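Observations on the model geometry
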Amino acid sequence: MKCSDIEQLFDAYLERSLSGSLRLEFEAHRLRCRRCQQALAMLESAVHVIAHDRPEPGLSPDFTERVMGEIRGRQPIWRRLRPNPATVSVLLLAQAAAIAIAVMIFSQGRQPPSADLRLVRDSSQDPAAEAVERYEQFREHVVRVVRAGISRALSEGRTVRAESIPEDLALMLRYGYANLQLPEALARPSLEAASGNWTGLLESLVLPTAAEAEPSDATLSDRHSL
Amino acid sequence: MSRQDEARLVARAQRGNAEAFRELVDAYKDRLFAFVWRILRNHHEAEDICQSAFVKAYESLASYSSEYAFSTWLFTIAYRLSLNHLRKSRRAGGEIDFARLSDDQAGAGEVLASSEEARRLREMIWQAVDQLTPAQKSAVLLFYREGMSCQEIGQVLDMPAVTVKSHLHRAREKLRGLLGSAIVQEWMAVQWLNDSSLH
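Residues numbered from 1 in each chain as written. Chains lettered and ligands numbered in written order. Predicted model: local features only at pLDDT ≥ 70, side-chain atom pairs only at ≥ 80, totals over all residues. Heavy atoms only, no water.

1. Concerning the overall build of chain B
Helix and strand content of chain B: nine helices and zero strands. In chain B, the order of α-helices and β-strands from amino to carboxyl end is α-α-α-α-α-α-α-α-α. In chain B, buried positions account for 51% of the 199 residues. Looking at chain B alone, contacts between residues at least 24 apart form 68% of all its contacts between residues at least 6 apart. Taken as a whole, chain B presents about 9400 Å² of accessible surface, with 48% of it coming from carbon and sulfur. (Helix = DSSP H or I, 4+ residues; strand = E, 2+ residues; numbered from the N terminus. Buried < 20%, exposed > 50% of the residue type's maximum accessible area, 1.4 Å probe, protein only. Contact = heavy atoms within 4.5 Å. Areas by Shrake-Rupley, 256 points an atom, 1.4 Å probe, with all protein chains shown as cover.)

And the structure:
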């Protein structure tokens, strides 16, 4: 074989696809021809460095934590707390309770909250009413999710942890407000309620009375007996 | 990591198990970073791209098919993010910002070659590699460093396997031209292949 033929086989040789009699001829020529030896040695050396050398700087030690942190930050709040479904359910339920209390407090006097909400809903031009309505839809969704979560948790025999709820609840309320752009005046009473005595509220929510049928969304909205 | 272990972790991650995905991150982060860094030649940018690639992979897990290796899919995402980044910074032509390169070397990895000649030759090789186009450089890195087949490389670079072979061929020709003109004799004198400092 001539050098020009051997050069045509460099790729196949470096890609490890040269075999059989062709490879034998290739190796034999390489042993005899200094020029091809040098050319191939240079390429093999370059390939060897590319394959094994590690000149790049190291990754930051906290790289994995940053990746996982960003992943967690992009997940919805209910999914971030998923590891303990019972705790998540209670947290969401407590949030729903605090939200409902905030609406009750913010609405005028001690009139039946449902009446106030209906009045507010009718005032479709009022931006605050729009915010309340959005928040109400969010609360209804939360209660549905929470009821399902509580049922599942109880059927699995899980217990409820309560010690970390106040801080988490405040965090969730802030998150809820950030997403729904609740007016500050409505947000503040909820935060105050979150730091208050929520335990009784939770108990009343977790164990619905026998007299209560499985509520429809409208019933949930209007009850406000929290 | 074996394909079986990888498949198990991916399946768990697809069911929402973040800890399973953490294991995948730890398994592939160094290799992915090495690949991206070689393309971008900037430490912080390479870390950002790698982080974005992992996050994007997690968010797209539902669309991942076990027909391909997870690493192939991950490198595909990272390669495309790297190319987008290069296009934005207008360095797709393979130009090297030597000022930034010198800053980046402050955190460089271990020097493997102990002799001065071997160190110099190693630097020349990497400088030659840096003059390849992104596609040529990626093909070379994925083939020789990651051990991917031309078909797998084609999936990463979104091109047919025959085009990958063409890129490998052109890359080798270019390397031969860049390296051969200056140091042919020196290769043989140093007996590069027997340099145990690379092992």
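2. A short note on the packing of aromatic side chains
Any two aromatic rings considered together are summarised by their centre-to-centre distance and by the angle between their planes. If you walk through the whole model with that rule in mind, you get 12 aromatic pairs over all chains. Here the aromatic rings of A:Phe63 and B:Phe54 are separated by 6.0 Å at their centres, their planes lie at 65 degrees, and the arrangement is edge-to-face. In this pair, A:Phe63 sits in helix α5 (residues 63-74) while B:Phe54 sits in helix α3 (residues 43-59), so the two residues belong to two different chains. Residues B:Phe143 and B:Tyr144 carry aromatic rings whose centres are separated by 4.9 Å and whose planes lie at 80 degrees to one another, so their mutual orientation is edge-to-face. Per residue, the accessibility class of B:Phe143 equals that of B:Tyr144, and both read buried. Ring pairing ties together the aromatic residues A:Phe63, B:Phe21, B:Phe54 and B:Tyr58, which thus form one cluster. (Phe/Tyr/Trp six-rings, centres within 6.5 Å; stacked < 30°, edge-to-face > 60°.)

3. Some thoughts on the nonpolar core
Residues and elements named next belong to chain B. In this structure, Phe21, Leu32, Val36, Phe54 and Phe70 are the most contacted members of the largest nonpolar core, which totals 81 residues. Among the elements that line this core, the one with the most residues is helix α2 (residues 18-40), at 12 residues. Val36 has contacts with Arg41, Ala46, Ile49, Cys50, Ala78 and Ser82, leaving out every residue within four places of it along the chain. (Core = buried A, V, L, I, M, F, W, Y, C linked by side-chain atoms within 4.5 Å.)

4. A closer look at the packing of helix α4 (residues 34-52) of chain A against helix α6 (residues 116-130) of chain B
Interaxial distance between α4(A) and α6(B) falls to 10 Å at its minimum, and their mutual angle equals 85 degrees. By the criterion of interaxial angle, the relationship of α4(A) to α6(B) is roughly perpendicular. Seen from α4(A), the contacting residues are A:Ser45, A:Ala46, A:Val49 and A:Ile50; seen from α6(B), they are B:Arg122, B:Ile125, B:Trp126 and B:Val129. Looking at the contact of α4(A) with α6(B), its residues break down into six nonpolar, one polar and one charged. (Axes fitted to C-alpha atoms, helices over the stretch in contact; angles between N-to-C directions. Parallel < 35°, antiparallel > 145°, perpendicular 65-115°, else oblique. Nonpolar A, V, L, I, M, F, W, Y, C, P; charged D, E, K, R; others polar.)

5. Things to note about the interface of chain A and chain B
Each partner contributes residues to the interface: chain A has 43 residues there, and chain B has 51 residues. Of all residues in chain A, the largest losses of buried area upon contact with chain B belong to A:Met42, A:Ile50 and A:Pro57, amounting jointly to 15% of the total for that side. Linking chain A to chain B there are seven salt bridges. Residue B:Arg122 pairs with A:Asp53 through a salt bridge whose shortest N-O separation is 3.1 Å. Along the contact surface separating chain A from chain B lie 17 residue pairs in polar contact (both at pLDDT 80 or more). (Buried area = accessible area lost by both parts, 1.4 Å probe. Salt bridge = Lys/Arg side-chain N within 4 Å of Asp/Glu carboxyl O. Polar contact = N/O pair within 3.5 Å; in protein donor to acceptor, adjacent residues only side chain to side chain.)

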